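Below, each chain spelled out in residue letters.
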Amino acid sequence: MEKNGSNHKLRVCVATCNRADYSKLAPIMFGIKAEPQFFELDVVVLGSHLIDDYGNTYRMIEQDDFDIHTRLHTIVRGEDEAAMVESVGLALVKLPDVLNRLKPDIMIVHGDRFDALALATSAALMNIRILHIEGGEVSGTIDDSIRHAITKLAHYHVCCTRSAEQHLIAMCEDHDRILLAGCPSYDKLLSAKNKDYMSIIRMWLGEDVKPRDYIVALQHPVTTDIKHSIKMFELTLDALISFNKRTLVLFPNVDAGSKEMVRVMRKKGIEHHPNFRAVKHVPFDQFIQLVAHAGCMIGNSSCGVREVGAFGTPVINLGTRQTGRETGENVLHVRDADTQDKILHALQLQFGKQYPCSKIYGDGNAVPRILKFLKSIDLEEPLQKKFCFPPVKDNISQDIDHILETQSALAVDLGGTNLRVAIVSMKGEIVKKYTQLNPKTYEDRLELILKMCVEAASEAVNLNCRILGVGISTGGRVNPREGIVLHSTKLIQEWSCVDLRTPISDVLHLPVWVDNDGNCAALAERKFGHGKGVENFVTLITGTGIGGGIIHQHELIHGSSFCAAELGHIVVSLDGPECLCGSQGCIEAYASGIALQREAKKLHDEDVLLVEGMSMKKEEVVSAAHLIQAAKLGNAKADSILRTGKTVTPQLHSSSIRVEDFCIITNGNGMLNTSVGGDVGSLCIIYRVPSPENEKMKSSCKNKFVLILKKSEISICAYYFEKLWDIS
């Protein structure tokens, strides 16, 4: 133990009320059970778990090999508002005896059910510490009020999203007792999709059903408007009957109004309809597979807006029960589901689609964070809660002992030579970088990208970094809206019509953005570099090839064919050397790293590259660096080649920049650096300055070189920096 002392095991009571909360609590229970040197686990089962009409779901807890310490029958039948109140009262009568016998150090309570309110009330009044899972979220109906009431009773909070964390802070909860962990169910969800699923689909829906060709329906009563929710359920069933697809319908929960909803199902003959399978309960492991491979999910369950997003399955969210929940793009809301046609139209729009996987509610590492959080609880601290009333601190980060995490992204830089992956913080700082040579074939390249990304994402957990998304920078013409590389020059082979977003999103369960490397460099300069606050500028990157990006009125310009800033392929000589794009005389054919390497090899083959002061090993590969070294040591032919490159580079400036208000920001390690005194691997930033009358300007400032181009449109200052941020 970290704070509790090595001799004391933390006695944890986990109380579960229904099938839904058990899916979130079970991963935590498995984690606690796996560390008996730190924890003692007591399981209390109550609520609808013990009712036959709702599937006697306590059995799945036994099947998971947990010892149930106590079973409490707390549900008063009637399924109306009065029955819910009486059920809370009955639980309050029975729980004190159980808690007196168990004497837990802490009780874990989940969510927003009325049963959970009884648990939290009992524990708080008996001076038992409470850890509340999924506080701070927003939804519809009475659930919001219950959830926030439990928050005020709880001593510690585990939330799933950044917004929920902000809500808890706004509710004056102690920052140091809030853990942003993600949803525990995602720990199982994100590893489940690739398992065998066809046998599960056939078992629940029939032998003739195919993946993506069936619907899962799960709808509960809205306790603040029972009459309307029953009518909406009737319209939903009518729409599903008309849509004529095989449908798995789960019975509603035990809330007030559920009995009437079951009557509607039986009135319409759903249990005997050939297109429907009506069931009281599906084990969570099997339910995951069913929703992961469904053509659509429909209803108002929180599962639809939370867990199903991890698979990109289309969801139709009906009514107001989940109003305020954070959702992925896979969710289509029908707030006022008052006609059958409206629901039917939503089914026609959503059925069979596939959306990017979403990780809004978790990244698959919630349980390790929660266990570490539990170990950090100091039982010697005063039990009395502290509230942080306004003004709220600007710094909302929790103490490092509570697993301080850095919001980060995975950056992938795919160039003509190297493939780099890095964990980058929101401040633009590189936490860790991985570099490999870029494979020559599509299959090997994609396999390596996925391998490096998975390794980086796994390492990010150890580095306390929360990966929020993936940004991919690649050479070639890219459609950023679809995440597809449309075309690439021979610099990157087998790299046309390549969908990068889908395979990486499917493996990492993260949003993925893809763009041309020059555009990414421009965005990086606008966000972190010398383009910050500049309205119009052009970024030029020089390396193996030459590319660029254009920022106009603070926005990135792609162009109608996504090649607005292919600056390296501006033709400066019709009879110049052949470029990898297929044209002749492009600037890239003169001044890029690969062009200089080509010329260096020619000189080496003619045995005129090496001069006094140079040496090469027999197996050493000739590179652009050898050409530059030879020129510096007096090789006239090498110097002539570099001068040719210097000659065409200003032509790029005059071809692309004709506006007094543009500046040029250059980032790279090729020809342009040489023209202003930098070495290979340095960083050049070129800015517009007011046009001077004179044609010459000098400066002797340290690390600063000034270059004036003889162009009336613009004058340019060039700055040389020793540090290169090379992930962009």
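Residues numbered from 1 in each chain as written. Predicted model: local features only at pLDDT ≥ 70, side-chain atom pairs only at ≥ 80, totals over all residues. Heavy atoms only, no water.

With respect to the pairing of strand β3 (residues 68-72)
In this structure, strand β2 (residues 39-46) lies alongside β3, joined through 4 bridges in parallel fashion. Bridge pairing links Val44 to Thr70 in β3. In this fold, the crossover linking β2 to β3 by way of helix α2 (residues 58-63) has right-handed handedness. (Pairing = 2+ DSSP bridges. Helix = DSSP H or I, 4+ residues; strand = E, 2+ residues; numbered from the N terminus. Right-handed = clockwise from strand over helix to strand, strands pointing away.)

Quick notes on the side chain of Ser139
Mapped onto the elements, Ser139 comes out in the loop between β5 (129-133) and α5 (143-153). Here Arg147 takes part through its side chain, which lies 2.8 Å from a polar atom of the side chain of Ser139. For Ser139, the residues in contact, after removing those within four places along its chain, are Asp144, Arg147, Arg321, Gln322, Thr323 and Arg325. (Polar contact = N/O pair within 3.5 Å; in protein donor to acceptor, adjacent residues only side chain to side chain. Contact = heavy atoms within 4.5 Å.)

Section: helix α14 (residues 366-375)
Counting buried positions along α14 yields 8 of 10 residues, so the element is predominantly enclosed. Ala366, Val367, Arg369, Ile370, Leu371, Phe373, Leu374 and Lys375 are the residues of α14 that are buried. (Buried < 20%, exposed > 50% of the residue type's maximum accessible area, 1.4 Å probe, protein only.)

Remarks on the sheet that holds strand β18 (residues 477-479)
As summarised here, the arrangement of the 3 strands in space is β18-β19-β20, forming an open sheet in which the pairing is antiparallel. Looking at strand neighbours, the two that pair on one side only are β18 and β20 (498-499), the edges of this open sheet. The pairing of strand β19 (residues 484-487) with β20 spans 2 bridges and is classified as antiparallel. For Ile484, the partnering residue across the bridge sits in β20 and is Asp499.

Let's talk about the UniProt feature "binding site: an N-acyl-D-mannosamine" (unreviewed entry) in the protein chain
Per the UniProt record, "binding site: an N-acyl-D-mannosamine" (unreviewed entry) is found at Arg477, Thr489, Asp517, Glu566 and Glu588. Along the chain, the position of Asp517 falls in helix α17 (residues 517-528). A relative accessible area of 18% places Asp517 in the buried class. Structurally, the position occupied by Glu566 is in the loop between β24 (555-557) and α18 (587-591). (UniProt positions renumbered as here; feature names shortened; annotations may be inferred.)

What to know about α5
Of all the positions in α5, only Asp143, Asp144, Ile146, Arg147, Ile150 and Thr151 are classed as buried. Residues of α5 that are buried in the fold lie against β4 (106-110), α4 (114-125), β5, β6 (156-159) and α6 (162-170).

Considerations on the nonpolar core
Core analysis: the biggest nonpolar cluster contains 61 residues, and Val44, Met107, Leu119, Ile298, Ile316, Leu318 and Leu347 have the highest contact counts within it. Looking at which element gives the most residues to this core, the answer is helix α9 (residues 226-243), with 9 residues. Cys183, Trp204, Val209 and Val308 belong to the second-largest nonpolar core, a separate cluster that totals 35 residues. (Core = buried A, V, L, I, M, F, W, Y, C linked by side-chain atoms within 4.5 Å.)

Some points on the pattern of salt bridges
Enumeration according to the criterion identifies 36 salt bridges in this entry. A salt bridge links Asp112 to Arg147, with the shortest nitrogen-to-oxygen separation between them at 2.7 Å. With a gap of 35 residues between them, Asp112 in the loop between β4 and α4 and Arg147 in helix α5 connect regions that are remote in the sequence. For the pair shown, Asp112 and Arg147 are each scored as buried. A salt bridge links Arg306 to Glu134; the nearest nitrogen and oxygen atoms lie 2.8 Å apart. Here Glu134 lies in the loop between β5 and α5 and Arg306 lies in the loop between α12 (302-305) and β12 (315-318), a separation of 172 residues in the sequence. Residues Arg306 and Glu134 agree in their burial class; the two are buried. Linked by salt bridges that have partners in common, Lys24, Asp112, Glu134, Glu137, Asp144, Arg147, Arg306, Glu307 and Arg325 make up one network. (Salt bridge = Lys/Arg side-chain N within 4 Å of Asp/Glu carboxyl O.)

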